[in-house]
Amino acid sequence: MLKLWGRKSSLNVQKVLWALAEIGLDYEHVNVGGQYGGLDQPAFLAKNPHGRIPVIEDDGAAIWESNAIVRHLAGRYSLGGLAPSDPIERAQSDQWMDWCATALAPAFIDFFWSWYRTPENQRNEALNRAQLARAHQAFAVLGKSLGDQPFLTGSRLTMGDIPAAALLFRYFTLEIDRPRLPRLEAWYARLCDREAYRRGVMIAYDELKGRLN
């Protein structure tokens, strides 16, 4: 059976939780990281020398980095589903996963850490405004790119949707002012109708407020 290490309030772990639920895979879950600790233990470092979550174990092999895990699960257990079998569609999914890792996620997570996870008396308001503006801009690009498609690469959900869409729950539930982005809002509404998204991503994160560790 697959085994997953990580805390459920981690955005990166949530990508994997969602993929597992979307495919319908059974797995064992071990809480590590955050309040659970354990990332500096030799047994965990033997699985991921960087001491980061998530990690999965599949057939005795440990795999780390959330996007790599999602790609692995999709390619091995959902070929033709989350992992498109057509090479062009697969590349289009890959490009959105990479764009999220290099543009969207850094823009949003930088703000999330410096605003939500930073104690109020330690926040840099000017920095927060600049970071939030950058996040809004990245989400606007995402919404525009959706066009009239229900998902990023077309008519069905693929692994390319998962990294970006996993951020939407926090983006739309944080107490911040947001520009109107109708296509992004419609996408988020469609995702909220998916049981796997609700199970994997729509998880309370208030335990992280004001905590930098």
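Above: the structure in question.
Residue numbers run consecutively from 1 along every chain, following the written order of its sequence. Two thresholds apply to this predicted model, a pLDDT of at least 70 for residue-level local features and 80 or more for giving and counting side-chain atom pairs, whereas whole-chain, interface and lining totals are computed over all residues. Excluded from the side-chain calculations are hydrogens and water; all other atoms, namely the structure's heavy atoms, are used.

Caption draft 1: Region of interest: the layout of surface pockets. Considered as a void within the structure, the largest pocket measures approximately 790 Å³ in volume. Points on a 1 Å grid, built from protein atoms alone, make a cavity when a 1.4 Å probe fits but cannot get out and make a pocket when they are open with protein on both sides within 12 Å along at least 5 of 7 lines; residues with an atom within 4 Å of a point are the lining residues. As for the largest pocket, its lining consists of 37 residues, and the residues nearest its centre are R7, S10, N12, R52 and I53. By definition, any uninterrupted DSSP run of H or I lasting at least four residues is a helix, any uninterrupted run of E lasting at least two residues is a strand, and each is numbered from the N terminus. When residues of the lining of the largest pocket are traced back to their parent elements, those giving at least two are α1 (11–23), α3 (66–77), α4 (87–116) and α6 (162–173). It is α4 that contributes the most residues to the lining of the largest pocket, seven residues altogether. Grid points are joined across faces, edges and corners, and a volume is the space filled by probe spheres set on the points.

Caption draft 2: Main features of unusual backbone geometry. Here the amide bond leading from I53 into P54 is cis, since omega sits at 5°, within 30 degrees of zero. Tracing the backbone shows P54 in the loop between α2 (42–45) and β3 (55–58). Backbone geometry at D59 places phi at a positive 55°, although glycine is not the residue there. Looking at where D59 falls in the secondary structure, it is placed in the loop between β3 and β4 (61–64). A positive phi is found at E65, a non-glycine position, where the angle reads about 80°. Position of E65 relative to the elements: it lies in the loop between β4 and α3.

Caption draft 3: Fine view of the packing of α6 against helix α7 (residues 182–192). All axes are obtained by fitting lines to C-alpha atoms, using only the stretch in contact for helices, and the reported angles, taken between N-to-C directions, cover 0 to 180 degrees. Packing of α6 against α7 leaves a shortest axis separation of 10 Å and a crossing angle of 105°. When the interaxial angle is binned, α6 and α7 end up roughly perpendicular. Contacts between α6 and α7 involve A164, A165, L168, F169, Y171, F172 and T173 from the first element and L184, E185, W187, Y188 and L191 from the second. Ten residue types, Ala, Val, Leu, Ile, Met, Phe, Trp, Tyr, Cys and Pro, are classed as nonpolar, four, Asp, Glu, Lys and Arg, as charged, and the remainder, Gly among them, as polar. Considering only residue class, the contact of α6 with α7 consists of 10 nonpolar, one polar and one charged. In what follows, roughly perpendicular refers to angles from 65 to 115 degrees, roughly parallel to angles under 35, roughly antiparallel to angles over 145, and oblique to any angle outside these ranges. In what follows, residue pairs with any heavy atoms lying within 4.5 Å of each other are defined as contacts.

Caption draft 4: Structural context of the side chain of D58. As for its placement among the helices and strands, D58 is situated in strand β3. Beyond its immediate stretch of four places on either side in the chain, D58 contacts L2, H72, R76 and Y77.

Caption draft 5: Spatial organisation of the packing of aromatic side chains. Note on aromatic contacts: the rings of Phe and Tyr and the six-membered ring of Trp form a pair at centre separations within 6.5 Å, being stacked when their planes are under 30 degrees apart, edge-to-face when over 60 apart, and tilted otherwise. Counting across every chain of the model gives 15 aromatic pairs. Where W96 meets W99, the ring centres are 5.4 Å apart and the plane angle is 85°; that geometry is what we call edge-to-face. Placement of both W96 and W99 in helix α4 is noted, with a separation of three residues, approximately one turn of the helix. Think of it in three bands: residues with accessible area under 20% of the maximum for their type are buried, residues over 50% are exposed, and the middle band is partly exposed, with areas taken using a 1.4 Å probe on protein chains only. Look at W96 and you get buried, because its relative accessible area is 12%. For the ring pair Y171 and F172, a centre distance of 5.3 Å and an interplane angle of 70° mean the geometry is edge-to-face.

Caption draft 6: Spatial organisation of the sheet that holds strand β2 (residues 27–30). Two strands form a pair only when DSSP identifies at least two bridges running between them. Here four strands make up an open sheet; going across it, the order is β2-β1-β3-β4 and the pairing mixed. This sheet does not close on itself; its edge strands, each paired only once, are β2 and β4. Each adjacent strand pair in this sheet contributes to an overall mean axis angle of 20°, direction not counted. Direction of pairing for strand β1 (residues 2–5) relative to β2: parallel, over a ladder of four bridges.

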